[in-house]
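# Observations on the model geometry
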Amino acid sequence: MVFGKFEQAGSLWIMALNGKVAVVTGAAQGLGKGFVEILLQNGANVALLDLNEKAGKDLEENLNKAYGADRAHFYTADVSSEQQFKDAFQKVLTKFGRVDIFCNNAGIVNEKNWEKTVSINLCAVVRGTYLALEHMKKENGGQGGVIVNVASLAGLGPLPSAPIYTATKHGVVGFSRALSMASQLANYGVRINVLCPTFVRTALIDTFHSEELTGQFFNLKTVTESLLDKHPLVEVEDVAKGFLLLVKDESLNGAVLAVRSTGTGIVSFPTEIPKTPVSL
Ligand SMILES: NC(=O)C1=CN([C@@H]2O[C@H](COP(=O)(O)OP(=O)(O)OC[C@H]3O[C@@H](n4cnc5c(N)ncnc54)[C@H](O)[C@@H]3O)[C@@H](O)[C@H]2O)C=CC1
Ligand SMILES: CC/C=C\C[C@H](O)C(=O)/C=C/C=C/C=C\C=C\[C@@H](O)C/C=C\CCC(=O)O
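Quantities reported herein were computed from a predicted structural model and do not represent experimental measurements.

Analysis parameters
Residues numbered from 1 in each chain as written. Chains lettered and ligands numbered in written order. Predicted model: local features only at pLDDT ≥ 70, side-chain atom pairs only at ≥ 80, totals over all residues. Heavy atoms only, no water. Helix = DSSP H or I, 4+ residues; strand = E, 2+ residues; numbered from the N terminus. Rg over C-alpha atoms; globule rule 2.2 N^0.38 Å. Buried < 20%, exposed > 50% of the residue type's maximum accessible area, 1.4 Å probe, protein only. Areas by Shrake-Rupley, 256 points an atom, 1.4 Å probe, with all protein chains shown as cover. Lys, Arg positive; Asp, Glu negative; His and termini not counted. Charge placed at Lys NZ, Arg CZ, Asp CG, Glu CD. Pairing = 2+ DSSP bridges. Right-handed = clockwise from strand over helix to strand, strands pointing away. Expected span 1.5 Å × (residues − 1). Bend = angle between axes of the 7 residues up to and from the residue. Contact = heavy atoms within 4.5 Å. Axes fitted to C-alpha atoms, helices over the stretch in contact; angles between N-to-C directions. Left-handed = near helix turned anticlockwise from the far one by under 90°. Nonpolar A, V, L, I, M, F, W, Y, C, P; charged D, E, K, R; others polar. Near = heavy atom within 4 Å. Polar contact = N/O pair within 3.5 Å; in protein donor to acceptor, adjacent residues only side chain to side chain. 1 Å grid on protein atoms, 1.4 Å probe; cavity = no way out; pocket = protein on both sides within 12 Å on 5 of 7 lines; lining within 4 Å. Points joined across faces, edges and corners; volume = space filled by probe spheres on them. Salt bridge = Lys/Arg side-chain N within 4 Å of Asp/Glu carboxyl O.

It is worth spelling out the overall build of the chain at this point. Counting secondary structure elements, the chain contains 8 helices and 9 strands. Over its C-alpha trace the chain gives a radius of gyration of 18 Å, about what one expects of a compact globule, namely 19 Å for 280 residues. Principal-axis analysis of the C-alpha atoms places the extent of the chain at approximately 60 × 40 × 35 Å. Classification of the 280 residues of the chain by burial places 50% in the buried group. Here the chain has roughly 13,400 Å² of accessible surface; of this, 54% comes from carbon and sulfur atoms. Charge-centre separation for the chain: the mean point of 26 positive side chains lies 4 Å from the mean point of 27 negative side chains.

Put into structure tokens, the structure is as follows:
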């Protein structure tokens, strides 16, 4: 896998965010909070979705104090619930009248309750993507827009201590890339991009110290620690800059952006998968 060096030499197609409306799931803390803040700093209004009501409401209050009244609104929603997700999305449309940017960010690591992990990390990303697409696509009278799905470097290669997490993130990458092609072919007017961060300094990073969450793979903790040595932590702010690029650069559709301590780059996928011939 080659990481194409992405020179931000400036693009002719830069989306202005003033007056735009964004939705971010898993927005109450961590990367989602970072995405919300950079969107507000760049003029967008933001709907925050999270199942953590206290953290979400506190953040909403602080953001409106910092960026101006009515810029940020929190909605309690468990994205693994189709009804709660749909209800929250409808409340956003009622409040803001439109959605231009949608970020499926909510995610967990739980190798024990793997069905829960699949439900949140993959099924809910599909659900959120389709909710946004139905509203945004031009054939439905929509204004177009951009969807950014948050995968991980574990969506590009295996994390031995988290095979289910790895599977969900690979699914997010594959789903998003295929749908971006469908969107282009069908002229939906909607861009779909993927963010693949390495280890980031958030609460999630402590997961691999938890036997409750890594289950049968807890004994591979040292493997993850050695991966951390090879792939040092990055900060939320570093990832948020990559997120903003995927939102604003209207030349990017189907882009997979890898954010690592060594730099940020657009992933180049080979058109032909290298193979070693075998005799049958
Ligand atoms: N922290 C890291 O090292 C990396 C994280 N990621 C991905 O970034 C995304 C965000 O992760 P972090 O900010 O690090 O995690 P975090 O644990 O700090 O924050 C996740 C947020 O999502 C919310 N959430 C969890 N389940 C939810 C549900 N069912 N419905 C609604 N909200 C829910 C939580 O309440 C929390 O506010 C995840 O998709 C994660 O897989 C990707 C690569 C690296
Ligand atoms: C137990 C997992 C704990 C936290 C997961 C965290 O949220 C996360 O997503 C961290 C991912 C970090 C992955 C880091 C390296 C992965 C390496 C291999 O899978 C190879 C993948 C791609 C190539 C990377 C490269 O730099 O070439």
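Let us look at the pairing of strand β6 (residues 145–150). Summarising burial for β6: 6 of the 6 residues are buried, a large majority. Burial along β6 is two-sided: G145, I147 and N149 facing one way and V146, V148 and V150 facing the other are all buried. One ladder, built from 4 bridges, connects strand β5 (residues 101–104) with β6; its direction is parallel. Directly across from N104, in β6, lies its bridge partner N149. In terms of handedness, the path from β5 via helix α4 (residues 114–136) over to β6 forms a crossover that is right-handed. The β-α-β motif built from β6, the intervening helix α5 (residues 163–185) and the parallel element strand β7 (residues 190–197) has right-handed crossover chirality.

A word on α4. Between its terminal C-alpha atoms α4 stretches 32 Å, which fits the 33 Å expected from 23 residues at 1.5 Å a residue. Bending of α4 peaks at approximately 35 degrees at the position of C123. Those residues of α4 that fall on the buried side of the exposure criterion are T117, I120, N121, A124, V125, G128, T129, L131, A132, L133 and M136. Those residues of α4 that are buried are in contact with α3 (82–96), β5, β6, α5 and β7.

Put simply, α3 and α4 touch, their axes get as near as 11 Å, and they point 35 degrees apart. You can see that α3 and α4 cross each other, and the crossing is right-handed. Note on element contacts: α4 touches α3 through A124, R127, G128, L131, A132 and H135, opposite E82, F85, K86, F89 and L93. Its residues assigned to classes, the contact of α3 with α4 comprises 6 nonpolar, 2 polar and 3 charged.

Taken together, 14 residues sit near ligand 2, with S152, G157, P158, Y165 and R260 positioned nearest. Within the backbone of P158, one N or O atom sits 2.9 Å away from an oxygen atom of ligand 2. Residue Y165 places a side-chain N or O atom 2.6 Å away from an oxygen atom belonging to ligand 2. Computed on the free molecule, ligand 2 has an accessible area of 690 Å², of which 86% lies beneath the protein chains in the complex. Taken together, the residues of the shell around ligand 2 break down into 8 nonpolar, 5 polar and 1 charged.

With that settled, the discussion passes to empty space enclosed by the protein. All chains considered together, the criterion is met by 1 cavity of 30 Å³ or more. The volume enclosed by the largest cavity comes to roughly 40 Å³. Lining the largest cavity are T25, V79, F85, N104, N105, A106, A124 and V125. Looking at the lining of the largest cavity residue by residue, the classes come out as 5 nonpolar, 3 polar and no charged.

Turning our attention to the pattern of salt bridges. Within this structure, the stated rule accounts for 10 salt bridges. One salt bridge connects E61 with K65, and the closest N-O pair in it is separated by 3.3 Å. With E61 and K65 both in helix α2 (residues 53–67) and 4 residues apart, this pair spans about one turn of that helix. In this structure, E139 and K137 form a salt bridge, with 3.7 Å as the shortest nitrogen-oxygen distance. Judged by its relative accessible area of 53%, E139 falls in the exposed class. The class of K137 is buried, set by a relative accessible area of 9%. Here the salt bridges share partners, and the residues they tie into one network are E134, K137 and E139.

Next up on the list: the environment of A28. Tracing the backbone shows A28 in the loop between β2 (21–25) and α1 (30–41). Along the primary structure A28 and K95 are separated by 67 residues, whereas in three dimensions their C-alpha atoms are 19 Å apart.

Such coordinate-based values are descriptive only and should not be taken to indicate function.
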